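Observations on chain architecture
Chain by chain, the residues:
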Amino acid sequence: MRILVGCEMTYAFPQPTPVIATLNVHASRVSDLERPDYLVTSPSVPLEGYRDSFGNWCQRMTAPAGTFTLKTETVVRDAGRGDQPCADAPETPVAKLPTDSLLFLLGSRYCETDRLSQIAWDLFGHLPPGWSRVQAICDYVHDRITFGYEHARATRTAFDVFEEQRGVCRDYAHLAIAFCRCLNIPARYCNGYVSDIGLPLPHTPGDFAAWMEVHLDGRWHTFDPRNNASRIGRILIAYGRDAADVPLTLTFGANTLTRFVVTTEEAPPIA
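For the structure given in this document, a descriptive report is provided here. (Residues numbered from 1 in each chain as written. Predicted model: local features only at pLDDT ≥ 70, side-chain atom pairs only at ≥ 80, totals over all residues. Heavy atoms only, no water.)

Here we look at the pairing of strand β12 (residues 235-240)
Counting buried positions over the six residues of β12 gives six, a clear majority of the element. In the sheet, strand β9 (residues 187-193) pairs with β12 via five bridges, with the strands oriented antiparallel. In the sheet register, Tyr193 faces β12, and the bridge partner there is Ile235. (Buried < 20%, exposed > 50% of the residue type's maximum accessible area, 1.4 Å probe, protein only. Helix = DSSP H or I, 4+ residues; strand = E, 2+ residues; numbered from the N terminus. Pairing = 2+ DSSP bridges.)

Structural data, given as structure tokens:
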């Protein structure tokens, strides 16, 4: 399957403003790209690329005053199988976890393990450890939270989500991640593209999505508390402890987002 992915964001800046963009497909999927997903700006400005502490590809620039557009596009070759469950995957005792997973057991800006620890153990501590317990967390979060873009709030934490019972996809991910960490299961926040391929029409307008990866049985597995179902065309851009680590764009000054288009759709086969 060929999947066309890309985005276009237009901002209005009152003055020259430094920007960091994390919009390129993650290195783990680079071999699937039919062409490089170069970040193109209008007007053109110098870009400085670097890898952050999690290995995500970021690009620095200074946006000029006025209208400024960021755009990227590519075609990704995908198996088209969707997320693959592994129902017998066990949890790994903390003492045997790989060192690079330990960071994802700790509390973070949006995932307050200290405030949710007792709640997590009361809700899920009695369940058999492993894949089924993580799925039970996703079921709980999916059923408890009401989705709506009107509920979006940049300051909402996992504990806020638990109490308010509403939010957007990042809020679902933050609460599920926090619950997993409270139970000593490493969990990390992911953002990227998720398509509506295979779902009945009408499809909602394109947007970026957030989900989580959980460390079970020696590797990372995908879980999606928001959709709580396998999705075709899940293409990672970046991962971190939570949304604070991986903003798609980070602007160091006042601005107004005037255009936002995200594309994730099946491309026709090559003749």
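A short note on the environment of Leu248
Mapped onto the elements of the fold, Leu248 is located in the loop between β12 and β13 (249-251). Between the C-alpha atom of Leu248 and that of Asp171, which follows or precedes it by 77 residues, the distance is 16 Å. Setting aside chain neighbours within four positions, we find Leu248 in contact with Ile20, Ala21, Thr22, Leu23, Asn191, Phe208 and Ile237. (Contact = heavy atoms within 4.5 Å.)

Some details on the pattern of salt bridges
Under the criterion given, the structure shown has 17 salt bridges. When the shortest N-O distance is used, the salt bridge between Arg156 and Glu164 registers 2.9 Å. One salt bridge connects Arg231 with Asp196, and the closest N-O pair in it is separated by 2.7 Å. Of the two residues, Arg231 is situated in the loop between β11 (219-223) and β12 and Asp196 in the loop between β9 and β10 (209-216); the sequence distance between them amounts to 35 residues. A single burial state applies to Arg231 and to Asp196, both of which are buried. (Salt bridge = Lys/Arg side-chain N within 4 Å of Asp/Glu carboxyl O.)

A closer look at the packing of aromatic side chains
Where two aromatic rings form a pair, the distance of their centres and the angle of their planes describe that pair. Evaluation of the coordinates by the stated rule reveals 15 aromatic pairs. Look at Phe54 and Tyr239: their rings are 6.3 Å apart centre to centre, the planes differ by 65°, and that puts the pair in the edge-to-face class. Within this pair, whereas Phe54 is found in the loop between β4 (48-51) and β5 (57-63), its partner Tyr239 is found in strand β12, the two being separated by 185 residues in sequence. Judged by its relative accessible area of 14%, Phe54 is buried. Classification of Tyr239 as buried rests on a relative accessible area of 15%. A network of ring pairs unites the aromatic residues Phe54, Phe104, Trp220 and Tyr239 as a single cluster. When the ring centre of Trp220 is taken as reference, the NZ or CZ atom of Arg188 above it lies at 4.0 Å. (Phe/Tyr/Trp six-rings, centres within 6.5 Å; stacked < 30°, edge-to-face > 60°. Lys NZ or Arg CZ within 6 Å of the ring centre and 35° of its normal.)

Quick notes on the pairing of β5
Sheet topology places strand β2 (residues 17-21) next to β5; five bridges connect them, and they run antiparallel. Within β5, the position partnered with Pro18 by the bridge is Thr62. One ladder, built from four bridges, connects β4 with β5; its direction is antiparallel. Its bridge partner being in β5, Gly49 is matched across the sheet by Gln59. Adjacent in sequence and paired antiparallel, β4 and β5 are bridged by five residues, among which Gly55 carries a positive phi angle near 90°.

A short note on the sheet that holds strand β1 (residues 2-13)
Across the sheet, which stays open at both edges, the four strands sit in the order β3-β6-β1-β14 with antiparallel pairing between neighbours. Lying at the two open borders of the sheet, with one neighbouring strand each, are β3 (40-42) and β14 (256-267). Across the sheet, the axes of successive neighbouring strands diverge by a mean angle of 10°, strand direction being ignored. In this sheet, strand β6 (residues 66-77) lies alongside β1 in antiparallel orientation, the contact comprising 12 bridges. Bridging from a neighbouring strand, Val5 pairs with Thr74 of β6. (Axes fitted to C-alpha atoms, helices over the stretch in contact; angles between N-to-C directions.)

Just distances and angles here, no functional claims.
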